[in-house]
Amino acid sequence: MGNLLLSWDLASARWLVGVVYLVVSVCLLATAVALQVARRWPWCGCKVCRAYMSGSWARDFASVSDWYAHLLRRSPTTRTLRVHVLGCTVTADPGNVEYMLRTGFDNFPKGKGVSAILSDLLGGGIFNVDGDAWRHQRKMASFQLGSVAVRSYAFRIVSREVDARLMPLLARAGDVGMVVDLQDVFRRFAFDTICKISFGLDPGLSAVRGMAVSPLLWKMKRLLSVGGEGELKKAIKVVHELANAMIRERRSLGVDNKSPDLLSRFMSAGSGTNTNAMDHDNEDKFLRDIVVSFLIAGRDTISSGLTTLFMLLSKHRAAGAAMRAEATKASDANAMTYEELKALHYTHAAVHESLRLFPPVQFDSKFCAAADVLPDGTYVDAGSRVMYHPYAMGRMPSIWGDDCEEFRPERWLTGAGATFEPVSFFKYPVFQAGLRVCLGKELAIMEMKAVCVAVLRAFDVKVVGERAVRECAPVFAPGLSASIQGGLPVKVSRV
Ligand code: HEM
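Not measured: the values here are computed from a predicted model.

Help me understand the overall build of the chain in this model?
Broken down by element type, the chain carries 19 helices and 13 strands. Scored against the burial criterion, the 495 residues of the chain give a buried share of 37%.

Looking at this model, I keep getting lost on the UniProt feature "binding site: heme" (unreviewed entry) in the chain. Mind explaining?
Following the UniProt record, one finds the feature "binding site: heme" (unreviewed entry) at Cys438. Relative to the elements of secondary structure, Cys438 occurs in the loop between strand S9 (419–420) and helix H18 (441–458). What makes Cys438 partly exposed here is the crowd of 18 C-beta atoms within 10 Å.

How do you make sense of unusual backbone geometry when you look at a structure like this?
Glycine aside, residues mostly have negative phi angles, and peptide bonds mostly take the trans form. Even without a glycine there, the phi angle at Ala418 is positive, about 45°. Along the polypeptide, Ala418 turns up in the loop between strand S8 (413–414) and S9. Under the C-beta neighbour-count criterion, Ala418 is labelled partly exposed, with 15 such atoms within 10 Å. Phi at Gln432 is positive, roughly 60°, even though this residue is not glycine. Structurally, Gln432 is set in the loop between S9 and H18. Exposure remark for Gln432: the 18 C-beta atoms within 10 Å place this residue in the partly exposed category.

Whenever I open this one, the sheet that holds strand S1 (residues 80–83) confuses me. Can you help?
Sheet strands line up and pair through hydrogen bonds in the backbone, either parallel or antiparallel. Taken in spatial order, the four strands make up an open sheet running S1-S2-S7-S4, and their pairing is mixed. With partners counted over all chains shown, the strands left at the sheet margins are S1 and strand S4 (364–367), one partner each. The average angle at which neighbouring strand axes cross in this sheet is 25°, direction not considered. Two strands pair when backbone bridges link them, and strand S2 (residues 88–91) and strand S7 (residues 385–388) are joined in this way by four bridges, in the parallel orientation. Note that in S7 the partner of Val90 across the bridge is Met387.

What am I meant to see in helix H13 (residues 317–330) here?
Helical periodicity: at 3.6 residues per turn, an α-helix aligns residues three or four positions apart in one direction. In a regular helix each residue adds 1.5 Å, so 14 residues correspond to 20 Å; H13 covers 20 Å between its end C-alpha atoms and thus fits that length. Among the residues of H13, those classed as buried are Ala319, Gly320, Met323 and Ala327. Viewed end-on, H13 has its buried residues packed into an arc of 100°, placing them on one side of the element. Away from the buried face of H13 by more than 90 degrees, exposed residues Arg317, Ala318, Ala325, Thr328 and Lys329 are located.

I'm lost on the nonpolar core in this one. Help?
Across soluble globular proteins, nonpolar side chains show a tendency to be buried alongside one another. By size, the foremost hydrophobic cluster in this structure holds 96 residues, and its most contacted members are Val291, Met448, Val451 and Cys452. Top contributing element to this core by residue count: helix H12 (residues 280–315), with 15 residues. Here Val451 is in contact with Val162, Leu166 and Leu306, once residues within four sequence places are set aside. Counting twelve residues, the second-largest nonpolar core is a separate cluster that includes Tyr68, Val83, Ala92 and Met396.

Whenever I open this one, the sheet that holds strand S13 (residues 489–494) confuses me. Can you help?
Overall, antiparallel pairing links the three strands, which are arranged S3-S13-S10 in an open sheet. Because the sheet does not close on itself, it has two edges, and the strands there are strand S3 (179–181) and strand S10 (459–463). Adjacent strand axes in the sheet meet at a mean angle of 40°, parallel and antiparallel pairs treated alike. Bridge count between S3 and S13: three bridges; the pairing is antiparallel. Opposite Val180, over in S13, you have Val490 as the bridge partner. Helix-sheet contacts for helix H8 (residues 182–199) involve S3 and S13, and the interaxial angle to S3 is about 50°.

Which parts of the structure should I look at to understand the site of the ligand?
Near the ligand, the surroundings consist of 22 residues, among which Ala297, Thr301, Cys438, Gly440 and Ala444 are the closest. With six residues, H12 is the single largest residue contributor to the shell around the ligand. Of the residues that constitute the shell around the ligand, the class distribution is 14 nonpolar, five polar and three charged.

How do you make sense of the environment of Thr337 when you look at a structure like this?
Looking at the element boundaries, Thr337 is found in the loop between H13 and helix H14 (338–342). Note: C-alpha distance between Thr337 and Arg156 (181 residues apart in sequence) is 9.5 Å.

Just to check I follow, could you spell out H8 for this structure?
Its 18 residues give H8 an end-to-end C-alpha distance of 25 Å, which sits within 8% of 26 Å, the value for a rise of 1.5 Å per residue. Counting buried positions along H8 yields 17 of 18 residues, so the element is predominantly enclosed.

About the cut-offs
Residues numbered from 1 in each chain as written. Predicted model: local features only at pLDDT ≥ 70, side-chain atom pairs only at ≥ 80, totals over all residues. Helix = DSSP H or I, 4+ residues; strand = E, 2+ residues; numbered from the N terminus. Buried ≥ 20, exposed ≤ 12 C-beta atoms within 10 Å, placed from the backbone. UniProt positions renumbered as here; feature names shortened; annotations may be inferred. Pairing = 2+ DSSP bridges. Axes fitted to C-alpha atoms, helices over the stretch in contact; angles between N-to-C directions. Expected span 1.5 Å × (residues − 1). Arc of directions from axis to C-beta. Core = buried A, V, L, I, M, F, W, Y, C linked by C-beta atoms within 7 Å. Contact = placed C-beta atoms within 7 Å. Near = placed C-beta within 6 Å. Nonpolar A, V, L, I, M, F, W, Y, C, P; charged D, E, K, R; others polar.

What follows is the structure in C-alpha coordinates.
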(Lines give C-alpha, C1' and ligand atoms only; values in the text may rest on other atoms or scores of the structure.)
Protein backbone atom coordinates (compact mmCIF):
# COMPACT_ATOMS: atom_id res chain seq x y z
CA MET A 1 0.00 0.00 0.00
CA GLY A 2 2.81 2.39 1.06
CA ASN A 3 4.66 1.57 -2.21
CA LEU A 4 1.49 2.18 -4.17
CA LEU A 5 1.01 5.59 -2.52
CA LEU A 6 4.64 6.50 -3.11
CA SER A 7 4.44 5.56 -6.78
CA TRP A 8 1.15 7.53 -7.16
CA ASP A 9 2.78 10.56 -5.53
CA LEU A 10 5.78 10.25 -7.83
CA ALA A 11 3.49 9.90 -10.84
CA SER A 12 1.39 12.93 -9.86
CA ALA A 13 4.52 14.95 -9.07
CA ARG A 14 5.90 14.11 -12.53
CA TRP A 15 2.54 15.02 -14.07
CA LEU A 16 2.53 18.28 -12.17
CA VAL A 17 6.10 19.10 -13.24
CA GLY A 18 5.09 18.24 -16.82
CA VAL A 19 2.09 20.59 -16.68
CA VAL A 20 4.15 23.40 -15.15
CA TYR A 21 6.84 22.86 -17.79
CA LEU A 22 4.22 22.96 -20.53
CA VAL A 23 2.55 26.10 -19.15
CA VAL A 24 5.90 27.89 -18.76
CA SER A 25 6.93 26.88 -22.30
CA VAL A 26 3.62 28.10 -23.75
CA CYS A 27 3.95 31.37 -21.82
CA LEU A 28 7.52 31.87 -23.02
CA LEU A 29 6.52 31.10 -26.59
CA ALA A 30 3.53 33.44 -26.38
CA THR A 31 5.76 36.20 -24.94
CA ALA A 32 8.28 35.69 -27.74
CA VAL A 33 5.51 35.86 -30.36
CA ALA A 34 4.00 38.93 -28.66
CA LEU A 35 7.41 40.64 -28.61
CA GLN A 36 7.93 39.87 -32.27
CA VAL A 37 4.48 41.23 -33.12
CA ALA A 38 5.04 44.27 -30.92
CA ARG A 39 8.37 44.95 -32.68
CA ARG A 40 6.80 44.77 -36.10
CA TRP A 41 3.56 46.47 -35.04
CA PRO A 42 4.51 49.00 -32.39
CA TRP A 43 1.69 49.86 -30.07
CA CYS A 44 0.47 53.41 -30.00
CA GLY A 45 -2.59 54.69 -28.20
CA CYS A 46 -3.03 57.94 -30.16
CA LYS A 47 -6.39 58.60 -31.78
CA VAL A 48 -5.17 58.12 -35.34
CA CYS A 49 -3.36 54.84 -34.60
CA ARG A 50 -6.32 53.47 -32.63
CA ALA A 51 -8.68 54.27 -35.49
CA TYR A 52 -6.24 52.72 -37.95
CA MET A 53 -5.74 49.52 -35.93
CA SER A 54 -9.42 49.02 -35.11
CA GLY A 55 -10.59 49.98 -38.60
CA SER A 56 -13.09 52.37 -37.01
CA TRP A 57 -12.29 55.03 -39.66
CA ALA A 58 -14.32 52.91 -42.09
CA ARG A 59 -17.55 53.90 -40.27
CA ASP A 60 -17.29 57.43 -41.68
CA PHE A 61 -15.11 57.18 -44.79
CA ALA A 62 -15.30 55.20 -48.02
CA SER A 63 -11.53 54.70 -48.19
CA VAL A 64 -8.32 55.23 -46.21
CA SER A 65 -7.47 57.98 -48.72
CA ASP A 66 -10.66 59.89 -47.82
CA TRP A 67 -9.85 59.49 -44.15
CA TYR A 68 -6.26 60.74 -44.62
CA ALA A 69 -7.58 63.68 -46.67
CA HIS A 70 -9.92 64.55 -43.80
CA LEU A 71 -7.12 64.32 -41.19
CA LEU A 72 -4.68 66.33 -43.29
CA ARG A 73 -7.26 69.07 -43.89
CA ARG A 74 -7.87 69.33 -40.16
CA SER A 75 -4.21 69.22 -39.17
CA PRO A 76 -3.99 72.53 -37.28
CA THR A 77 -0.45 73.74 -37.88
CA THR A 78 0.95 71.62 -40.69
CA ARG A 79 -0.43 69.56 -43.56
CA THR A 80 1.39 66.51 -42.26
CA LEU A 81 0.48 63.64 -39.92
CA ARG A 82 2.17 60.61 -38.35
CA VAL A 83 0.73 57.13 -38.39
CA HIS A 84 3.01 55.74 -35.67
CA VAL A 85 1.95 52.11 -35.99
CA LEU A 86 3.05 52.17 -39.63
CA GLY A 87 6.23 54.14 -38.95
CA CYS A 88 5.00 56.49 -41.64
CA THR A 89 4.73 60.27 -42.08
CA VAL A 90 1.96 61.35 -44.45
CA THR A 91 2.16 64.79 -46.01
CA ALA A 92 0.03 67.01 -48.24
CA ASP A 93 2.39 69.97 -48.02
CA PRO A 94 3.76 71.13 -51.41
CA GLY A 95 6.98 72.39 -49.76
CA ASN A 96 7.60 68.93 -48.27
CA VAL A 97 6.83 67.28 -51.61
CA GLU A 98 9.37 69.51 -53.37
CA TYR A 99 11.94 68.68 -50.72
CA MET A 100 11.40 64.90 -51.05
CA LEU A 101 11.28 64.83 -54.83
CA ARG A 102 13.81 67.50 -55.77
CA THR A 103 15.93 69.38 -53.21
CA GLY A 104 16.44 66.45 -50.83
CA PHE A 105 16.00 63.75 -53.50
CA ASP A 106 19.09 61.72 -52.52
CA ASN A 107 17.79 61.24 -48.97
CA PHE A 108 14.40 59.91 -50.16
CA PRO A 109 14.97 56.92 -52.42
CA LYS A 110 12.33 54.28 -53.07
CA GLY A 111 14.24 52.08 -50.64
CA LYS A 112 13.97 48.39 -50.07
CA GLY A 113 10.65 48.62 -48.27
CA VAL A 114 8.56 48.18 -51.39
CA SER A 115 6.73 44.91 -50.89
CA ALA A 116 8.53 41.71 -51.79
CA ILE A 117 5.77 40.87 -54.23
CA LEU A 118 6.36 44.10 -56.13
CA SER A 119 10.09 43.52 -56.23
CA ASP A 120 9.49 40.02 -57.55
CA LEU A 121 7.22 41.36 -60.26
CA LEU A 122 9.12 44.49 -61.26
CA GLY A 123 12.63 43.13 -60.73
CA GLY A 124 15.16 45.75 -61.78
CA GLY A 125 12.55 47.71 -63.78
CA ILE A 126 12.62 51.52 -63.62
CA PHE A 127 9.82 51.72 -60.99
CA ASN A 128 11.69 49.58 -58.55
CA VAL A 129 15.28 50.78 -58.55
CA ASP A 130 17.35 53.66 -57.26
CA GLY A 131 20.86 54.97 -57.97
CA ASP A 132 22.75 54.12 -61.14
CA ALA A 133 20.34 51.38 -62.26
CA TRP A 134 17.51 53.93 -62.21
CA ARG A 135 19.60 56.70 -63.83
CA HIS A 136 20.56 54.44 -66.74
CA GLN A 137 16.97 53.36 -67.48
CA ARG A 138 15.61 56.85 -66.98
CA LYS A 139 18.06 58.23 -69.53
CA MET A 140 17.17 55.58 -72.10
CA ALA A 141 13.44 55.76 -71.51
CA SER A 142 13.26 59.57 -71.55
CA PHE A 143 15.29 59.69 -74.76
CA GLN A 144 12.91 57.22 -76.43
CA LEU A 145 9.63 58.60 -75.04
CA GLY A 146 10.69 62.16 -75.80
CA SER A 147 11.56 61.47 -79.44
CA VAL A 148 9.33 62.91 -82.16
CA ALA A 149 9.26 59.51 -83.92
CA VAL A 150 7.86 57.69 -80.86
CA ARG A 151 5.37 60.49 -80.13
CA SER A 152 3.89 60.49 -83.59
CA TYR A 153 3.88 56.68 -83.68
CA ALA A 154 2.02 56.67 -80.34
CA PHE A 155 -0.50 59.21 -81.66
CA ARG A 156 -1.17 57.08 -84.76
CA ILE A 157 -1.69 53.97 -82.61
CA VAL A 158 -4.06 55.78 -80.24
CA SER A 159 -6.12 57.22 -83.12
CA ARG A 160 -6.34 53.83 -84.82
CA GLU A 161 -7.33 52.02 -81.60
CA VAL A 162 -10.02 54.62 -80.90
CA ASP A 163 -11.49 54.45 -84.43
CA ALA A 164 -11.19 50.76 -85.11
CA ARG A 165 -11.86 49.27 -81.69
CA LEU A 166 -13.25 51.59 -79.02
CA MET A 167 -15.86 53.39 -81.12
CA PRO A 168 -17.35 50.26 -82.75
CA LEU A 169 -17.54 48.58 -79.34
CA LEU A 170 -19.43 51.51 -77.79
CA ALA A 171 -21.64 51.89 -80.88
CA ARG A 172 -22.70 48.27 -80.67
CA ALA A 173 -23.43 48.54 -76.93
CA GLY A 174 -25.47 51.69 -77.61
CA ASP A 175 -27.43 50.19 -80.48
CA VAL A 176 -28.59 47.18 -78.47
CA GLY A 177 -29.17 49.25 -75.30
CA MET A 178 -26.65 47.21 -73.35
CA VAL A 179 -25.19 48.31 -70.01
CA VAL A 180 -21.38 48.12 -70.24
CA ASP A 181 -18.69 48.33 -67.61
CA LEU A 182 -16.79 51.36 -68.85
CA GLN A 183 -13.84 50.60 -66.57
CA ASP A 184 -13.41 47.21 -68.21
CA VAL A 185 -13.76 48.72 -71.69
CA PHE A 186 -11.05 51.30 -70.92
CA ARG A 187 -8.76 48.67 -69.39
CA ARG A 188 -8.87 46.59 -72.55
CA PHE A 189 -8.41 49.64 -74.72
CA ALA A 190 -5.46 50.92 -72.65
CA PHE A 191 -3.84 47.49 -72.60
CA ASP A 192 -4.07 47.02 -76.37
CA THR A 193 -2.73 50.53 -76.91
CA ILE A 194 0.25 50.27 -74.54
CA CYS A 195 1.17 46.82 -75.95
CA LYS A 196 1.25 48.23 -79.47
CA ILE A 197 3.18 51.34 -78.49
CA SER A 198 5.63 49.47 -76.31
CA PHE A 199 6.16 46.21 -78.21
CA GLY A 200 4.55 46.56 -81.61
CA LEU A 201 2.31 43.57 -80.71
CA ASP A 202 -1.47 43.46 -80.66
CA PRO A 203 -3.40 41.52 -77.99
CA GLY A 204 -6.78 42.55 -79.50
CA LEU A 205 -8.62 42.66 -76.16
CA SER A 206 -10.98 45.42 -77.20
CA ALA A 207 -12.04 44.02 -80.56
CA VAL A 208 -15.81 43.85 -80.93
CA ARG A 209 -15.77 40.20 -81.92
CA GLY A 210 -13.27 37.66 -80.75
CA MET A 211 -10.38 37.60 -83.16
CA ALA A 212 -7.60 35.11 -83.56
CA VAL A 213 -4.93 36.12 -81.08
CA SER A 214 -1.70 34.27 -80.55
CA PRO A 215 -1.73 31.85 -77.59
CA LEU A 216 0.99 33.95 -75.99
CA LEU A 217 -1.11 37.08 -75.97
CA TRP A 218 -4.21 35.21 -74.94
CA LYS A 219 -2.38 33.94 -71.86
CA MET A 220 -1.18 37.48 -71.20
CA LYS A 221 -4.76 38.67 -71.29
CA ARG A 222 -5.80 36.05 -68.75
CA LEU A 223 -2.93 36.91 -66.49
CA LEU A 224 -3.37 40.63 -66.52
CA SER A 225 -7.00 40.35 -65.61
CA VAL A 226 -5.82 38.87 -62.31
CA GLY A 227 -6.97 41.56 -59.91
CA GLY A 228 -5.68 41.22 -56.36
CA GLU A 229 -2.06 41.50 -55.40
CA GLY A 230 -2.40 38.24 -53.45
CA GLU A 231 -2.83 36.39 -56.70
CA LEU A 232 0.04 38.20 -58.35
CA LYS A 233 2.68 36.15 -56.63
CA LYS A 234 1.49 32.99 -58.35
CA ALA A 235 1.36 34.78 -61.65
CA ILE A 236 4.77 36.45 -61.52
CA LYS A 237 6.73 33.49 -62.82
CA VAL A 238 4.36 33.14 -65.74
CA VAL A 239 4.36 36.91 -66.43
CA HIS A 240 8.14 36.77 -66.63
CA GLU A 241 8.03 33.77 -68.97
CA LEU A 242 5.54 35.60 -71.15
CA ALA A 243 7.60 38.78 -71.18
CA ASN A 244 10.61 36.68 -72.21
CA ALA A 245 8.49 35.15 -74.95
CA MET A 246 7.52 38.65 -76.13
CA ILE A 247 11.17 39.57 -76.33
CA ARG A 248 11.91 36.41 -78.34
CA GLU A 249 8.93 37.06 -80.60
CA ARG A 250 10.08 40.66 -81.15
CA ARG A 251 13.60 39.45 -81.92
CA SER A 252 12.32 36.87 -84.40
CA LEU A 253 10.36 39.62 -86.19
CA GLY A 254 13.60 41.53 -86.56
CA VAL A 255 14.84 44.49 -84.58
CA ASP A 256 16.41 47.67 -85.83
CA ASN A 257 16.48 51.20 -84.54
CA LYS A 258 13.95 52.23 -87.20
CA SER A 259 11.17 50.12 -85.65
CA PRO A 260 8.96 52.61 -83.85
CA ASP A 261 7.89 50.46 -80.87
CA LEU A 262 9.71 51.01 -77.58
CA LEU A 263 10.91 47.44 -77.08
CA SER A 264 12.71 47.38 -80.44
CA ARG A 265 14.27 50.73 -79.67
CA PHE A 266 15.42 49.57 -76.24
CA MET A 267 16.76 46.39 -77.81
CA SER A 268 18.77 48.14 -80.46
CA ALA A 269 19.94 50.82 -78.02
CA GLY A 270 20.97 48.06 -75.56
CA SER A 271 22.98 46.08 -78.07
CA GLY A 272 24.49 49.26 -79.45
CA THR A 273 25.63 50.79 -76.21
CA ASN A 274 26.30 47.86 -73.93
CA THR A 275 28.92 45.87 -75.74
CA ASN A 276 31.08 46.07 -72.65
CA ALA A 277 28.86 45.12 -69.77
CA MET A 278 25.72 43.22 -70.61
CA ASP A 279 25.72 39.57 -71.54
CA HIS A 280 22.75 38.09 -73.33
CA ASP A 281 21.00 36.74 -70.22
CA ASN A 282 21.34 40.00 -68.36
CA GLU A 283 20.13 41.94 -71.36
CA ASP A 284 17.03 39.72 -71.58
CA LYS A 285 16.33 40.20 -67.88
CA PHE A 286 16.80 43.95 -68.25
CA LEU A 287 14.41 44.02 -71.22
CA ARG A 288 11.91 41.79 -69.39
CA ASP A 289 11.80 44.18 -66.44
CA ILE A 290 11.25 47.09 -68.81
CA VAL A 291 8.41 45.19 -70.53
CA VAL A 292 6.63 44.59 -67.22
CA SER A 293 7.18 48.19 -66.02
CA PHE A 294 5.66 49.68 -69.15
CA LEU A 295 2.67 47.35 -69.08
CA ILE A 296 1.93 48.42 -65.53
CA ALA A 297 2.64 52.10 -66.20
CA GLY A 298 0.45 52.34 -69.25
CA ARG A 299 -2.60 50.22 -68.61
CA ASP A 300 -4.17 50.81 -65.23
CA THR A 301 -3.26 54.49 -64.86
CA ILE A 302 -4.88 55.55 -68.12
CA SER A 303 -7.97 53.39 -67.70
CA SER A 304 -8.39 54.69 -64.15
CA GLY A 305 -8.08 58.31 -65.33
CA LEU A 306 -10.58 57.81 -68.17
CA THR A 307 -13.09 55.95 -66.00
CA THR A 308 -13.29 58.64 -63.32
CA LEU A 309 -13.38 61.39 -65.95
CA PHE A 310 -16.45 59.87 -67.62
CA MET A 311 -18.00 59.29 -64.20
CA LEU A 312 -17.63 63.01 -63.49
CA LEU A 313 -18.88 64.03 -66.95
CA SER A 314 -22.01 61.93 -66.46
CA LYS A 315 -22.91 64.24 -63.60
CA HIS A 316 -21.43 67.50 -64.92
CA ARG A 317 -23.29 67.67 -68.20
CA ALA A 318 -22.25 71.27 -68.95
CA ALA A 319 -18.56 70.31 -68.92
CA GLY A 320 -19.20 67.46 -71.38
CA ALA A 321 -21.14 69.83 -73.64
CA ALA A 322 -18.30 72.39 -73.52
CA MET A 323 -15.78 69.72 -74.52
CA ARG A 324 -18.01 68.61 -77.40
CA ALA A 325 -18.42 72.20 -78.59
CA GLU A 326 -14.69 72.87 -78.37
CA ALA A 327 -13.89 69.80 -80.49
CA THR A 328 -16.50 70.68 -83.11
CA LYS A 329 -15.19 74.23 -83.34
CA ALA A 330 -11.60 73.04 -83.71
CA SER A 331 -12.19 70.56 -86.51
CA ASP A 332 -14.99 69.31 -88.73
CA ALA A 333 -13.26 66.05 -89.36
CA ASN A 334 -13.80 63.26 -86.85
CA ALA A 335 -10.10 62.45 -86.77
CA MET A 336 -8.07 65.29 -85.32
CA THR A 337 -4.41 65.97 -85.88
CA TYR A 338 -1.97 65.96 -82.97
CA GLU A 339 -1.70 69.74 -83.17
CA GLU A 340 -5.48 70.24 -83.15
CA LEU A 341 -5.80 67.95 -80.15
CA LYS A 342 -3.07 69.84 -78.29
CA ALA A 343 -4.89 73.13 -78.83
CA LEU A 344 -8.07 72.01 -76.97
CA HIS A 345 -7.58 74.01 -73.78
CA TYR A 346 -10.92 73.28 -72.13
CA THR A 347 -10.54 69.52 -72.68
CA HIS A 348 -6.98 69.73 -71.37
CA ALA A 349 -8.31 71.48 -68.27
CA ALA A 350 -11.10 68.92 -67.77
CA VAL A 351 -8.62 66.04 -67.93
CA HIS A 352 -6.33 67.73 -65.37
CA GLU A 353 -9.28 68.61 -63.14
CA SER A 354 -10.53 65.05 -63.10
CA LEU A 355 -7.02 63.71 -62.33
CA ARG A 356 -6.81 66.24 -59.48
CA LEU A 357 -9.89 64.78 -57.80
CA PHE A 358 -9.19 61.15 -58.71
CA PRO A 359 -5.45 60.62 -59.26
CA PRO A 360 -4.81 57.10 -60.58
CA VAL A 361 -1.88 56.77 -58.15
CA GLN A 362 -3.43 58.02 -54.92
CA PHE A 363 -0.28 58.04 -52.77
CA ASP A 364 3.42 57.30 -53.08
CA SER A 365 5.93 56.65 -50.35
CA LYS A 366 9.69 57.06 -50.09
CA PHE A 367 12.30 55.77 -47.65
CA CYS A 368 14.02 58.32 -45.43
CA ALA A 369 17.70 57.28 -45.52
CA ALA A 370 19.10 59.64 -42.84
CA ALA A 371 17.09 61.43 -40.13
CA ASP A 372 15.78 64.67 -41.60
CA VAL A 373 13.54 67.67 -40.96
CA LEU A 374 10.94 68.49 -43.60
CA PRO A 375 10.44 72.15 -44.59
CA ASP A 376 7.25 72.37 -42.47
CA GLY A 377 9.30 71.43 -39.38
CA THR A 378 8.30 67.75 -39.18
CA TYR A 379 11.13 65.54 -37.90
CA VAL A 380 11.52 62.24 -39.77
CA ASP A 381 13.41 59.26 -38.35
CA ALA A 382 16.09 57.51 -40.35
CA GLY A 383 14.67 54.32 -41.84
CA SER A 384 11.01 55.41 -41.65
CA ARG A 385 8.76 56.08 -44.62
CA VAL A 386 7.38 59.40 -45.86
CA MET A 387 4.29 59.37 -48.02
CA TYR A 388 3.04 62.27 -50.13
CA HIS A 389 -0.63 62.03 -50.96
CA PRO A 390 -1.90 63.36 -54.32
CA TYR A 391 -5.50 62.31 -53.50
CA ALA A 392 -5.51 64.33 -50.27
CA MET A 393 -3.64 67.22 -51.90
CA GLY A 394 -6.36 67.53 -54.53
CA ARG A 395 -8.83 68.08 -51.70
CA MET A 396 -6.96 70.70 -49.67
CA PRO A 397 -8.68 74.11 -49.44
CA SER A 398 -5.26 75.60 -48.65
CA ILE A 399 -4.05 74.55 -52.13
CA TRP A 400 -7.21 74.75 -54.28
CA GLY A 401 -9.56 77.06 -52.39
CA ASP A 402 -12.85 76.39 -50.65
CA ASP A 403 -14.40 74.84 -53.75
CA CYS A 404 -11.65 72.19 -53.86
CA GLU A 405 -14.15 69.31 -53.83
CA GLU A 406 -15.96 70.61 -56.92
CA PHE A 407 -15.22 69.50 -60.46
CA ARG A 408 -14.54 72.84 -62.16
CA PRO A 409 -12.26 72.72 -65.24
CA GLU A 410 -12.43 76.53 -65.42
CA ARG A 411 -10.05 76.80 -62.48
CA TRP A 412 -7.23 75.84 -64.87
CA LEU A 413 -8.08 78.50 -67.49
CA THR A 414 -6.86 82.09 -67.47
CA GLY A 415 -7.17 85.27 -69.52
CA ALA A 416 -9.59 86.34 -72.21
CA GLY A 417 -8.64 83.37 -74.38
CA ALA A 418 -9.31 80.91 -71.52
CA THR A 419 -5.86 79.44 -71.91
CA PHE A 420 -4.77 76.41 -69.89
CA GLU A 421 -2.43 77.46 -67.07
CA PRO A 422 -0.45 74.62 -65.48
CA VAL A 423 0.33 74.58 -61.76
CA SER A 424 3.51 73.38 -60.06
CA PHE A 425 3.75 69.57 -59.96
CA PHE A 426 4.73 69.89 -56.30
CA LYS A 427 1.16 71.12 -55.64
CA TYR A 428 -0.26 68.60 -58.08
CA PRO A 429 1.96 65.51 -57.92
CA VAL A 430 -0.46 63.33 -59.93
CA PHE A 431 2.42 62.37 -62.22
CA GLN A 432 4.89 62.55 -59.34
CA ALA A 433 7.28 65.55 -59.69
CA GLY A 434 10.93 66.52 -59.64
CA LEU A 435 13.63 64.14 -60.76
CA ARG A 436 11.39 61.07 -61.14
CA VAL A 437 8.41 62.77 -62.75
CA CYS A 438 6.36 60.35 -64.91
CA LEU A 439 7.89 59.81 -68.33
CA GLY A 440 4.56 59.00 -69.97
CA LYS A 441 2.59 62.09 -68.93
CA GLU A 442 2.34 63.73 -72.38
CA LEU A 443 1.43 60.41 -73.91
CA ALA A 444 -1.17 59.80 -71.20
CA ILE A 445 -2.81 63.23 -71.56
CA MET A 446 -2.82 62.92 -75.35
CA GLU A 447 -4.47 59.48 -75.11
CA MET A 448 -7.09 60.66 -72.64
CA LYS A 449 -7.94 63.72 -74.75
CA ALA A 450 -8.19 61.67 -77.94
CA VAL A 451 -10.63 59.27 -76.28
CA CYS A 452 -12.73 62.10 -74.78
CA VAL A 453 -13.06 63.97 -78.04
CA ALA A 454 -14.02 60.91 -80.09
CA VAL A 455 -16.47 59.50 -77.53
CA LEU A 456 -18.16 62.79 -76.63
CA ARG A 457 -18.67 63.75 -80.28
CA ALA A 458 -20.48 60.52 -81.02
CA PHE A 459 -22.14 59.46 -77.75
CA ASP A 460 -23.85 60.48 -74.60
CA VAL A 461 -22.47 58.34 -71.74
CA LYS A 462 -24.58 58.00 -68.57
CA VAL A 463 -23.63 56.17 -65.40
CA VAL A 464 -26.47 53.88 -64.33
CA GLY A 465 -27.45 51.84 -61.28
CA GLU A 466 -26.36 52.32 -57.72
CA ARG A 467 -23.21 54.20 -58.77
CA ALA A 468 -25.32 56.96 -60.36
CA VAL A 469 -27.31 57.34 -57.13
CA ARG A 470 -24.15 57.58 -55.05
CA GLU A 471 -23.25 60.76 -56.88
CA CYS A 472 -19.65 60.21 -57.85
CA ALA A 473 -18.38 58.85 -54.53
CA PRO A 474 -16.64 55.74 -55.79
CA VAL A 475 -15.18 53.08 -53.53
CA PHE A 476 -11.74 52.10 -54.77
CA ALA A 477 -10.40 48.56 -54.71
CA PRO A 478 -7.00 48.12 -53.04
CA GLY A 479 -4.22 47.98 -55.63
CA LEU A 480 -1.32 49.78 -57.23
CA SER A 481 -3.58 52.18 -59.08
CA ALA A 482 -7.08 53.29 -58.27
CA SER A 483 -9.82 51.15 -59.76
CA ILE A 484 -13.48 51.44 -58.85
CA GLN A 485 -14.78 48.47 -56.90
CA GLY A 486 -17.43 46.79 -59.01
CA GLY A 487 -16.59 48.81 -62.16
CA LEU A 488 -18.56 51.66 -63.73
CA PRO A 489 -21.83 50.57 -65.41
CA VAL A 490 -22.90 52.99 -68.15
CA LYS A 491 -25.44 53.28 -70.95
CA VAL A 492 -24.33 54.76 -74.21
CA SER A 493 -26.56 56.52 -76.74
CA ARG A 494 -25.75 58.31 -79.99
CA VAL A 495 -25.88 62.13 -79.90
C1 HEM B 1 -2.82 59.00 -66.36
C2 HEM B 1 -1.78 58.23 -66.58
C3 HEM B 1 -0.53 58.17 -65.74
C4 HEM B 1 -0.34 58.57 -64.44
C5 HEM B 1 -1.33 59.23 -63.50
C6 HEM B 1 1.04 58.27 -64.11
C7 HEM B 1 1.63 58.51 -62.87
C8 HEM B 1 2.93 58.17 -62.53
C9 HEM B 1 3.47 58.26 -61.20
C10 HEM B 1 2.73 58.74 -59.96
C11 HEM B 1 4.75 57.84 -61.27
C12 HEM B 1 5.73 57.70 -60.10
C13 HEM B 1 5.63 56.27 -59.61
C14 HEM B 1 6.63 55.92 -58.59
O15 HEM B 1 7.76 56.39 -58.62
O16 HEM B 1 6.28 55.13 -57.71
C17 HEM B 1 5.04 57.50 -62.65
C18 HEM B 1 6.25 57.06 -63.10
C19 HEM B 1 6.46 56.62 -64.38
N20 HEM B 1 5.56 56.59 -65.42
FE21 HEM B 1 3.66 57.25 -65.35
N22 HEM B 1 1.65 57.69 -65.18
C23 HEM B 1 0.73 57.60 -66.21
C24 HEM B 1 0.93 57.07 -67.46
C25 HEM B 1 2.12 56.59 -67.92
C26 HEM B 1 2.33 56.03 -69.23
C27 HEM B 1 1.27 55.89 -70.31
C28 HEM B 1 3.65 55.66 -69.30
C29 HEM B 1 4.44 55.03 -70.41
C30 HEM B 1 4.17 54.94 -71.63
C31 HEM B 1 4.27 56.00 -68.04
C32 HEM B 1 5.59 55.79 -67.73
C33 HEM B 1 6.16 56.04 -66.51
C34 HEM B 1 7.54 55.70 -66.18
C35 HEM B 1 8.56 55.05 -67.11
C36 HEM B 1 7.73 56.07 -64.84
C37 HEM B 1 8.99 55.91 -64.00
C38 HEM B 1 9.76 57.20 -63.88
C39 HEM B 1 10.98 57.07 -62.99
O40 HEM B 1 10.94 56.35 -61.99
O41 HEM B 1 11.97 57.74 -63.28
N42 HEM B 1 3.30 56.56 -67.23
N43 HEM B 1 3.89 57.71 -63.39
